Every structure is written in structure tokens, then in C-alpha cells.
Amino acid sequence: MFRQASRLLSRSVSAAASSRSTTARAFSTEVPSTIDSTFVESWKKVAPNMDPPQTPSSYMKARPSTASSIPTKLTVNFVLPYASELSGKEVDMVIIPATTGQMGVLPGHVPTIAELKPGIMSVHEGTDIKKYFVSSGFAFLHANSVADIIAVEAVPLENIDASQVQKGLAEFTQKLASATTDLEKAEAQIGVEVHSAMNAALSG
């Protein structure tokens, strides 16, 4: 039954989709948190006794519309797998360690997705600068001056023990020199890169 419903749905929806193919695709900031009415109508025709499934857009909260003028503040959400470091924090600027180089993000930044590499992320609010060491992750910069930054691991720079970093760097350097398999080399290389980035952050 589900296969038949899928085929019928694809036929009915494809006609509606083709008529809209010439229109521009909406940004994520413009997507309403409602179920597609065309999909619901098509579903009821082939499965009238079953409720239509929920789609991702059913759970989305629409972001604020893009302002006509550039705002004075950048709204930052900075989250880790186990904690939310910043939530809706309004700041002047954020500098992130992108794989393409250090990237300064100001209000009105062009929408971008940037992959993060091990390095320093600094949050600037007036004369106050908060620095974090991030291991990796992604930054999503939206057209409405909202920055969503997701890191695998992050720690305030002042909480890092320089002596432990030096010790770890020496250990991983030795492991890299003595590694005999590709796995051992890869693990040691990652350890060297992360500890080298932490060491550079502390010394810089």
C-alpha cells in the first residue's frame, strides 16, 4: 500500500512542482512552519484513512525576517553536543577558525556555511573579548545577522593548562614517529595538529 501511495503521490505532486519550477526557492528564513498543503491533499486522495506524516518543516520555527537595514549587533548561538555556551547573544563581532583561514563575522555578513578547524574562536562585545579553543565543527551564517556555531568540543582559552598541552604534543609527536600502520599514523597526526593549534593559541 505504501509503495502504491508513494507512486500516486509522486505523480500528483510532480505536476504541481513543475508549475512552480520557474519560481525562486525560498530561503530557510522564509519557510513557514506548516505542512505543505499540496502534499496533504495528495495524501488524502490515496490514503484517506491515514493521517499525513509530519515533515521537517512542521517542526521549524521561522527565523525573523531579514531586516531592510544592517543591524548593529550580531546574534550568536554557540552550541556543543553537551551544552549551549551562547544562546541569542548579541555581540559586535565573532572571529572563527575556518578551514579557509580566520574569518571575521560582522552584522550583515553574507550567508555562508564554514567548516571549522582547530583554533581560536573569539567573541567581541565592546571592549570585552571572550576566547574559546574549538576542535572542529561548522558555522552557519544567516542573512538576518544570526550566526549558529556548532563545535564538537570547545573550552575557554583560560581553562587550558599549557603544561598539559606541551606534554600531549610531545607524546603525539613520538607516536607519529613510531607509528607503523595507517590508523596509528592518522590518530597521531590528529593529536599533533590539535595540540599544535592549542600551543599556538596559548603562545599567541
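Anything mentioned here points back to the structure above.
Report follows, based on the coordinates. As the structure is a prediction and not an experimental result, all values here were calculated from the model.

### Considerations on the side chain of H195
Step number 1: Examined against the element boundaries, H195 turns out to sit in helix 4 (residues 182–203).
Step number 2: In this structure the side chain of H195 is engaged in a polar contact, spanning 2.9 Å, whose partner is the backbone oxygen of G191.

### Considerations on the packing of helix 3 (residues 162–178) against helix 4
Step number 1: For the pair helix 3 and helix 4, the least separation of the axes is 8 Å and the interaxial angle reads 150 degrees. Regarding the angle of helix 3 to helix 4, the classification is roughly antiparallel. As for how helix 3 packs across helix 4, the hand of that crossing is left-handed. Two secondary-structure elements touch here, helix 3 through A162, V165, Q166, G168, L169, F172, T173, K175 and L176 and helix 4 through K185, E187, A188, Q189, G191, V192, H195, S196, M198, N199 and L202.
Step number 2: For the contact of helix 3 with helix 4, a count of residues per class yields nine nonpolar, eight polar and three charged.

### A closer look at helix 2 (residues 37–46)
Step number 1: For helix 2, the complete set of buried residues consists of V40, S42 and W43. Each buried residue of helix 2 sits inside an arc of 165 degrees when the element is viewed along its axis, so together they form one side. The exposed set on the far side of helix 2, more than 90 degrees from its buried face, consists of E41, K44 and K45.

About the criteria used
- Residues numbered from 1 in each chain as written.
- Predicted model: local features only at pLDDT ≥ 70, side-chain atom pairs only at ≥ 80, totals over all residues.
- Heavy atoms only, no water.
- Helix = DSSP H or I, 4+ residues; strand = E, 2+ residues; numbered from the N terminus.
- Polar contact = N/O pair within 3.5 Å; in protein donor to acceptor, adjacent residues only side chain to side chain.
- Axes fitted to C-alpha atoms, helices over the stretch in contact; angles between N-to-C directions.
- Parallel < 35°, antiparallel > 145°, perpendicular 65-115°, else oblique.
- Left-handed = near helix turned anticlockwise from the far one by under 90°.
- Contact = heavy atoms within 4.5 Å.
- Nonpolar A, V, L, I, M, F, W, Y, C, P; charged D, E, K, R; others polar.
- Buried < 20%, exposed > 50% of the residue type's maximum accessible area, 1.4 Å probe, protein only.
- Arc of directions from axis to C-beta.

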